[in-house]
Amino acid sequence: MKQVKILGTGCAKCNQLADAVKAVISSENIDASVEKIEDIQKIMAYNVLSTPALVVDGEVRCKGRVPSSTELKDLLTR
Amino acid sequence: MKLAGLAASAVVAWLLLYSNLEPLADMLLHVSGLSSATRFGEALHFFIYEVPKVLMLLTAVVFVMGVVHTFISPERTRAILSGRRLGAGNMLAASLGIVTPFCSCSAVPLFIGFLQAGVPLGVTFSFLISAPMVNEVALALLFGMFGWKVALLYMAMGLLVAIVAGMTIGRLGMERYLEEWVQQIQQSCSCGSEETGEAMTWNRRLQEGVTHVREIVGKVWLYIVLGVGLGAGIHGYVPENFMASIMGAEAWWSVPAAVLLGVPMYSNAAGILPVVQALLGKGAALGTVMAFMMSVIALSAPEMIILRKVLRPQLIAVFAGVVAAGIMLVGFVFNAVFPTL
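Fair warning: this is a prediction, and the values are worked out from it, not measured in the lab.

The rules behind the values
- Residues numbered from 1 in each chain as written.
- Chains lettered and ligands numbered in written order.
- Predicted model: local features only at pLDDT ≥ 70, side-chain atom pairs only at ≥ 80, totals over all residues.
- Helix = DSSP H or I, 4+ residues; strand = E, 2+ residues; numbered from the N terminus.
- Buried ≥ 20, exposed ≤ 12 C-beta atoms within 10 Å, placed from the backbone.
- Contact = placed C-beta atoms within 7 Å.
- Pairing = 2+ DSSP bridges.
- Axes fitted to C-alpha atoms, helices over the stretch in contact; angles between N-to-C directions.
- Parallel < 35°, antiparallel > 145°, perpendicular 65-115°, else oblique.
- Nonpolar A, V, L, I, M, F, W, Y, C, P; charged D, E, K, R; others polar.

A. Representation of the overall build of chain A. When helices and strands are counted, chain A shows three helices and four strands. When the helices and strands of chain A are listed from N to C terminus, the series reads β-α-β-α-β-β-α. Counting only C-alpha atoms and orienting by the principal axes, one finds that chain A spans roughly 30 × 25 × 15 Å. Counting all 78 residues of chain A, 33% fall into the buried class. The long-range fraction of contacts in chain A, counting pairs at least 24 apart against all pairs at least 6 apart in sequence, stands at 65%.

If you want it as structure tokens, here you go:
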């Protein structure tokens, strides 16, 4: 099972990313757990400068933007 | 090659349309049977000329910035600024603030990330002040409504405020007013050097430009239409020099009043500018109006609340105070240089 984390301090874009990720996971039947991380100290542990960021299995795959669902599918299944 | 052709024809179409907006507006008004000599006609003409003009300029500038952003990531900016000294570092930081992609919701991670990589506190603040204040939306709108001179002056003054405020904060040695855990991670990583920047095709870069336009223009167009609509009303109906007594250059207190009024307001430049333009036409002073706009954009209550997570109240107070003082100075200078626009 993939560990998917969404890093964001609760801004509008962060929620957009969370929703988009959940939608792709359910439509593509990806076996994954999704966790939202809003604590700034925990976010900084990933060394990201712009939020929201998408972390899959401990690796930052995208930051500062909300990718399209096709790109998200690729980022989540890679 | 196909891409270059497409881009070139888009530019030509844009230029053709943009340079013919005035005759087009005249023609539309003529077709509607209204005369621009009537109040309603004048307001309508103002509206149908101004809205497309401002929106077209905004689209062009935002598109170009979207493409520029693909070259300059926050990580790259951080690598450039890491270890810079006060002075030159502040100038560099303020300038990079214009071109680096920045969203106020990322202010805190950015702030901490900069300190982590050894960017001095004062230099970090210069970036953090300039990035939201001297942004492409504000500049495009100023350019569209007041011409390039005002836009350029706004940019220069915004940079100056960011540089001087950042240097002041740096000189004051405010590091001890960072929250404890932030103090501990200062210079804790040698991050920054590993960033090489994504290799991107031009196709992808142009796509990012389009995405940027969708995001920004999609968000602000309504404010612009409403603002220009209100402005058109003022343009047509409010008497000349109506604003001169309240917001004119002779009323010195109008600058601090405008700044104070602007701090609690949290709005994008798009909504305020069109109204402001109309007020200027009725005798308000440019410096007062600039100070108002800068304080609305640069100092906002929500941003202070976010920053409270990493800064102690004393440092937030110094930050707000220094920036507000700088903006007031800009207001006074503008009023002295341009008593009337």
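B. Summary view of the overall build of chain B. Scanning chain B from N- to C-terminus turns up 17 helices and zero strands. Counting across all 341 residues of chain B, residues that qualify as buried make up 45%. Taking the intrachain contacts of chain B between residues at least 6 apart in sequence as the baseline, contacts between residues at least 24 apart amount to 88%.

C. Up close: the sheet that holds strand β1 (residues 2–7) of chain A. Residue and element names in this part refer to chain A. Taken in spatial order, the four strands make up an open sheet running β2-β1-β3-β4, and their pairing is mixed. Each of the sheet's edge strands pairs with one partner strand only, and the pair in question is β2 (32–37) and β4 (59–63). Across the sheet, the axes of successive neighbouring strands diverge by a mean angle of 20°, strand direction being ignored. Across four bridges, the pairing between β1 and strand β3 (residues 53–56) is antiparallel. Looking at the pairing, K5 lines up with V55 of β3. In this fold helix α3 (residues 69–77) packs onto β1, β2, β3 and β4, with an angle of close to 35° to the strand it touches most, β3.

D. The packing of helix α4 (residues 74–81) of chain B against helix α5 (residues 88–99) of chain B, seen in detail. Residue and element names in this part refer to chain B. Running from N to C, α4 and α5 point in directions that differ by 170°, and their axes come no closer than 10 Å. Of the possible angle classes, the one that applies to α4 and α5 is roughly antiparallel. Contacts from T77, I80 and L81 in α4 reach G89, L92, A93 and L96 in α5. Of the residues assigned to the contact of α4 with α5, the class counts are five nonpolar, two polar and no charged.

E. Representation of the environment of B:F292 in the model. Structurally, B:F292 can be placed in helix α15 (residues 286–298). Owing to 26 C-beta atoms within 10 Å, B:F292 belongs among the buried residues under this scheme.

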